[in-house]
Amino acid sequence: MMKACKTMTTSSYNLVTVVIIVAVLCLSSMPSVKSQLSSNFYATTCPNLFQIVRREVKSAIKNEMRMAASLVRLHFHDCFVNGCDASILLDGDDGEKFALPNVNSVRGYDVVDTIKKALEDKCSGVVSCADILALAARESVLLSGGPSWKVRFGRRDGMISNQTKANLALPSPFEDVDAIISKFADVGLNTTDVVALSGAHTIGLAKCATFSPRLVNFSGTGSVCPQNGDGNKTAALDRTSTDVFDNNYFKNLLEKKGLLFSDQVLYSSDSAAATTKSIVESYSNDSRLFFLNFATSMFKMGNISPLTGSNGEIRKNCRVVN
């Protein structure tokens, strides 16, 4: 499967490389982004950063294909609370790890630990955990057949993990379109970002408990998630191509086969008609447009309120403050 994914990665990347690079370069030239982060931040202090992170992410995905989606989600859930500061990685019962959207759900902490250790061995005290999350998410998408985008660095790690804010700020699989759009707007993301980033559900799995009310609409899924069964069991978010990053997620929505309520409402709800429906249709017909917009939205998301300069710290251990 890894060979197949690698082949798709190359072909997909070749199709959209020029368009994506132009779009991301335009974004990265904006003063608000350029002044905060830099693409060559570790050029001299940790020149092997890219090779180390790609090696460890590739190893993790080879061991478990689902990990690609988990690392993308980890970055997403971090950035929506206090900005992209790796606060989700901090241990502690009152931290974000144990917020309702994250507890027994968000995964990949051990992979981040492995990456951090490998980087500490080569360039101790240099690379932040927040930057690791951003780069690991990009590599996960790319290795799954999706697009690439330029990741800028220089984020520092936060020292506070806010469980209360995580419970309020993170989108829920049970929310309607208007609520989701509102939460994205709270962190500076727009309706196109909502649909594009939801497309990350083209890979990965969801627990039965997150979609059990919709089981009546899914022939075959009921055998995996029987009524009154184990809510911690999982099913593919996109059964058409579970481990490949493509636009089948959006085609599923047109066929009313979105697994999560929050997925299907992007196309089928009354509110979607004036907000997200047309974008879903565009992505279902044009994978290159989806790849372009997804890359752009991930770039934007990775720049949500980063700590830079003398703010925050560079954690030696991603799970605890120094």
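Residues numbered from 1 in each chain as written. Predicted model: local features only at pLDDT ≥ 70, side-chain atom pairs only at ≥ 80, totals over all residues. Heavy atoms only, no water.

1. Some words on the state of the cysteines
In step 1: In this structure the tally under the stated criterion is three disulfides.
In step 2: Across a sulfur-sulfur distance of 2.0 Å, Cys-79 and Cys-84 are joined as a disulfide pair. Negative torsions about the S-S bond denote left-handed disulfides, and the value of about 120° found for Cys-79 with Cys-84 makes this one right-handed.
In step 3: Judged by its relative accessible area of 0%, Cys-79 falls in the buried class.
In step 4: Overall, Cys-84 belongs to the buried group, its relative accessible area being 1%. (Disulfide = S-S within 2.5 Å. Buried < 20%, exposed > 50% of the residue type's maximum accessible area, 1.4 Å probe, protein only.)

2. Observations concerning the UniProt feature "binding site: heme b" (unreviewed entry) in the chain
In step 1: UniProt feature "binding site: heme b" (unreviewed entry): in the numbering of this structure it lies at His-201.
In step 2: Following the sequence through the fold, His-201 ends up in the loop between helix 9 (191-198) and strand 1 (205-207).
In step 3: Dropping the residues within four chain positions of it, His-201 is found in contact with Leu-237, Asp-238, Tyr-249, Leu-260 and Asp-263. (UniProt positions renumbered as here; feature names shortened; annotations may be inferred. Helix = DSSP H or I, 4+ residues; strand = E, 2+ residues; numbered from the N terminus. Contact = heavy atoms within 4.5 Å.)

3. Considering helix 6 (residues 129-143)
In step 1: For helix 6, spanning 15 residues, the distance from its first C-alpha to its last is 21 Å, which sits close to the expected 21 Å at 1.5 Å a residue.
In step 2: Of all 15 residues making up helix 6, 15 are buried, and the element is well covered by its neighbours.
In step 3: Within two residues after helix 6, Gly-145 carries a phi angle of roughly 105°, on the positive side. (Expected span 1.5 Å × (residues − 1).)

4. Quick look at the side chain of Ser-262
In step 1: Assignment of secondary structure puts Ser-262 in helix 12 (residues 261-268).
In step 2: By relative accessible area, Ser-262 is classed as buried at 9%.
In step 3: Apart from the residues within four sequence positions on either side, Ser-262 is in contact with Ser-172, Pro-173, Glu-175 and Ile-180.

5. Quick word on the confidence of the model for the chain
In step 1: The predicted model of the chain has a mean per-residue pLDDT of 89, with 83% of residues at 70 or higher.
In step 2: In the model, residues 1-13 has pLDDT below 50 throughout and makes 23 contacts with residues more than four positions away in sequence or in other chains.
In step 3: Across residues 28-35, where pLDDT falls below 50, the model places eight contacts with residues more than four positions away in sequence or in other chains. (pLDDT = per-residue confidence, 0-100.)

6. With respect to unusual backbone geometry
In step 1: Unusually for a residue other than glycine, Asn-82 sits at a positive phi of about 70°.
In step 2: On the secondary structure map, Asn-82 appears in the loop between helix 4 (67-79) and helix 5 (109-122).
In step 3: Since its relative accessible area comes to 25%, Asn-82 is described here as partly exposed.
In step 4: Phi at Ser-305 is positive, roughly 40°, even though this residue is not glycine.
In step 5: By the secondary structure assignment, Ser-305 is in the segment after helix 14 (287-301).

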